[in-house]
Amino acid sequence: MKQSIARIALVVDDYDKAIEFYTKKLDFLLVEDTNLGDGKRWVIVSPKGANECSLVLAKADDEEQESRVGNQTGGRVFLFLYTDDFWRDYYKMVEKGVKFFREPEKMPYGMVAVFKDLYGNMWDLLEPVAEK
């Protein structure tokens, strides 16, 4: 049997603000934006070239969900954006105004820096060490 994680729901406060951040600042693709009625939409964004997993931007619709926007993991790094060229993507993101929380560092597992999205969720930008 083969299984995989295909989508991760990210709670947001506004669809359009989230779409703009992910497509303009991180260069993600808007894969789908379907109106479901009653103010709900099915919005999927994905890094260019990614087939494994994408984000479902899920608008908070009650106080409990709103309290989770930007803090779905209690302040830990939440998502890991792998790249094949760390410095290319790092400099492009800095140029576009992405705020890095931890500066680039070479670790045993690869080159990594931590940035925050528009809500404060922490992400790793990571170029993994090539497997031998």
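Residues numbered from 1 in each chain as written. Predicted model: local features only at pLDDT ≥ 70, side-chain atom pairs only at ≥ 80, totals over all residues. Heavy atoms only, no water.

A. Examining the nonpolar core more closely. One finds Tyr22, Leu55, Leu57 and Phe115 to be the most contacted residues of the largest nonpolar core, which totals 30 residues. Sorting the residues of this core by element identifies β1 (7–12), α1 (15–25), β3 (40–46), β4 (54–59), β5 (77–82), α3 (86–95), β7 (110–116) and β8 (122–128) as the ones contributing at least two each. If you tally residues by element for this core, the top one is α1, at five residues. Lining this core are residues from two domains, each supplying at least three of them: domain 1 (1–69) and domain 2 (70–131). Once residues within four sequence positions are removed from consideration, leucine 57 is found in contact with Leu10, Val12, Tyr15, Ala18, Ile19, Tyr22, Val43 and Val45. (Core = buried A, V, L, I, M, F, W, Y, C linked by side-chain atoms within 4.5 Å. Buried < 20%, exposed > 50% of the residue type's maximum accessible area, 1.4 Å probe, protein only. Helix = DSSP H or I, 4+ residues; strand = E, 2+ residues; numbered from the N terminus. Domains from an automatic or database assignment. Contact = heavy atoms within 4.5 Å.)

B. Structural view of the sheet that holds β3. Strand order in the open sheet made by the four strands is β1-β4-β3-β2, with mixed pairing throughout. Lying at the two open borders of the sheet, with one neighbouring strand each, are β1 and β2 (29–37). This sheet shows a mean twist of 25° between the axes of neighbouring strands, independent of strand direction. As judged from the six bridges shared by β1 and β4, these two strands associate in the parallel manner. What sits directly across from valine 12, in β4, is lysine 59. Contacts from α1 reach β1, β2, β3 and β4, with the element oriented near 10° to β3. (Pairing = 2+ DSSP bridges. Axes fitted to C-alpha atoms, helices over the stretch in contact; angles between N-to-C directions.)

C. Summary view of the domain arrangement of the protein. Taken domain by domain, the protein comprises domain 1 (1–69) and domain 2 (70–131). When each unit is reduced to the centre of its C-alpha atoms, the spacing between domain 1 and domain 2 is 18 Å. Contact with domain 1, which involves 20 residues of that partner, is made by 18 residues of domain 2. Between domain 1 and domain 2, the buried area comes to about 1500 Å², and carbon and sulfur atoms account for 65% of it. The largest per-residue losses of area from domain 1 upon contact with domain 2 belong to Phe21, Lys25 and Leu26, which jointly make up 31% of the total buried on that side. Along the contact surface separating domain 1 from domain 2 lie two salt bridges. Summed over the shared surface of domain 1 and domain 2, the result is twelve residue pairs in polar contact (both at pLDDT 80 or more). The set of elements that each furnish at least two residues to the side of domain 1 that touches domain 2 consists of β1 and α1. Among the elements that line the side of domain 1 that touches domain 2, the one with the most residues is α1, at six residues. Considered class by class, the residues forming the side of domain 1 that touches domain 2 number 13 nonpolar, no polar and seven charged. (Buried area = accessible area lost by both parts, 1.4 Å probe. Salt bridge = Lys/Arg side-chain N within 4 Å of Asp/Glu carboxyl O. Polar contact = N/O pair within 3.5 Å; in protein donor to acceptor, adjacent residues only side chain to side chain. Nonpolar A, V, L, I, M, F, W, Y, C, P; charged D, E, K, R; others polar.)

D. Spatial organisation of the sheet that holds β7. The strand order across the open sheet formed by four strands is β5-β8-β7-β6, and the pairing between neighbours is mixed. Strand pairing shows two members of the sheet lacking a second neighbour, β5 and β6 (99–107), which therefore form its edges. Between one strand axis and the next, the sheet turns through 20° on average, direction left out of account. Of the strand pairs in this sheet, β5 and β8 are connected by five bridges, and their pairing is parallel. By the bridge assignment for β8, leucine 81 is matched with leucine 125. Sitting on the sheet, α3 is in contact with β6, β7 and β8, with an inclination near 165° to β6.

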